[in-house]
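# Residue-level structure breakdown
In case you want the letters, here they are:
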Amino acid sequence: MPAYVVLIRERTHDEQALDTYAAKARAAREGHDPQPLAFYGDFEMLEGSDMEGAVILRFPDMAAARAWYQSDAYQEARKHRFQGADYRVLLLDGLPEG
């Protein structure tokens with residue numbers, strides 16, 4: 001079953017730290033091959049608290065998503081995300097394909 005990681009950026013504090021995060025997070029995808037389904041595109045808030053943008057990444061399954069998130073490379077990138085902005089991050093189990 002596919003799995004999805006959703007990163008919701010609520011408020012930016014340090015643009016330079018986010019630039020560093022973006023470069024390191026891009027490099028951390030190597031070997032994990034997430035499929036970006038949405039990437040900070042145009043959005044409309046229909047309900048809930050405001051946000052600046054969101055990313056949805058598709059992985060083959062929960063184990064693959066966790067392996068990417070827990071990888072040393074992503075954990076290094078994540079430090080810069082914490083410095084750069086407030087985020088909510090979710091891991092969701094998808095529905096069976098077919």
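Attention in this report is confined to the structure presented alongside it. (Residues numbered from 1 in each chain as written. Predicted model: local features only at pLDDT ≥ 70, side-chain atom pairs only at ≥ 80, totals over all residues. Heavy atoms only, no water.)

### What to know about the packing of helix α2 (residues 62-70) against helix α3 (residues 72-84)
Test applied: Every angle, taken between N-to-C directions, lies between 0 and 180 degrees, and every axis is a line fitted to C-alpha atoms, over only the stretch in contact when it is a helix. We count a stretch as a helix when DSSP gives it H or I for four or more residues in a row; a strand needs E for two or more, and each element gets its number in order from the N terminus. Note on angle classes: values under 35 degrees are labelled roughly parallel, values over 145 roughly antiparallel, values of 65 to 115 roughly perpendicular, and the remainder oblique. Contacts between residues were defined by any pair of non-hydrogen atoms, one from each residue, lying within 4.5 Å. Residues are grouped as follows: Ala, Val, Leu, Ile, Met, Phe, Trp, Tyr, Cys and Pro are nonpolar; Asp, Glu, Lys and Arg are charged; every other residue, Gly included, is polar.
Running from amino to carboxyl end, α2 crosses α3 at an angle of 60°, the nearest separation of the two axes being 5 Å. The angle between α2 and α3 places the two elements in the oblique class. Where α2 approaches α3, its residues W68, Y69 and Q70 are matched on the opposing element by D72, Y74, Q75, R78 and R81. Classifying every residue of the contact of α2 with α3 gives three nonpolar, two polar and three charged.

### Topic: the sheet that holds strand β4 (residues 85-93)
Selection rule: In this description, strands pair whenever DSSP reports at least two bridges between them.
Taken in spatial order, the four strands make up an open sheet running β2-β3-β1-β4, and their pairing is antiparallel. Lying at the two open borders of the sheet, with one neighbouring strand each, are β2 (35-39) and β4. Within this sheet the neighbouring strands show an average axis-to-axis angle of 15°, counted without direction. Across seven bridges, strand β1 (residues 3-12) lies against strand β3 (residues 53-59) in antiparallel orientation. Within β3, the residue paired with A3 across the bridge is F59. The strands touched by helix α1 (residues 15-28) are β1 and β4; relative to β1, the strand with the most contacts, the crossing angle is about 160°. Each of β1 and β4 is contacted by α3, which is oriented at about 135° to β4, the strand it contacts most.

### Regarding the pattern of salt bridges
Put simply, the rule reads: Salt bridge, as applied in this entry: a Lys or Arg side-chain nitrogen positioned within 4 Å of an Asp or Glu carboxyl oxygen. Exposure categories follow from relative accessible area, calculated using a 1.4 Å probe and restricted to protein chains: below 20% of the type maximum is buried, above 50% is exposed, and the middle band is partly exposed.
A complete count under the given rule lists five salt bridges for this structure. Note that R11 and D86 form a salt bridge whose closest N and O atoms lie 3.0 Å from each other. Pair noted here: R11 is in strand β1 and D86 is in strand β4, with a separation of 75 residues, a long-range link. Among the residues examined, R11 registers a relative accessible area of 47% and is labelled partly exposed. Looking at D86, the relative accessible area reads 26%, which means it is partly exposed. With a closest N to O distance of 3.8 Å, K24 and E76 form a salt bridge. Of the two residues, K24 sits in helix α1 while E76 sits in helix α3, which places them 52 residues apart along the sequence.

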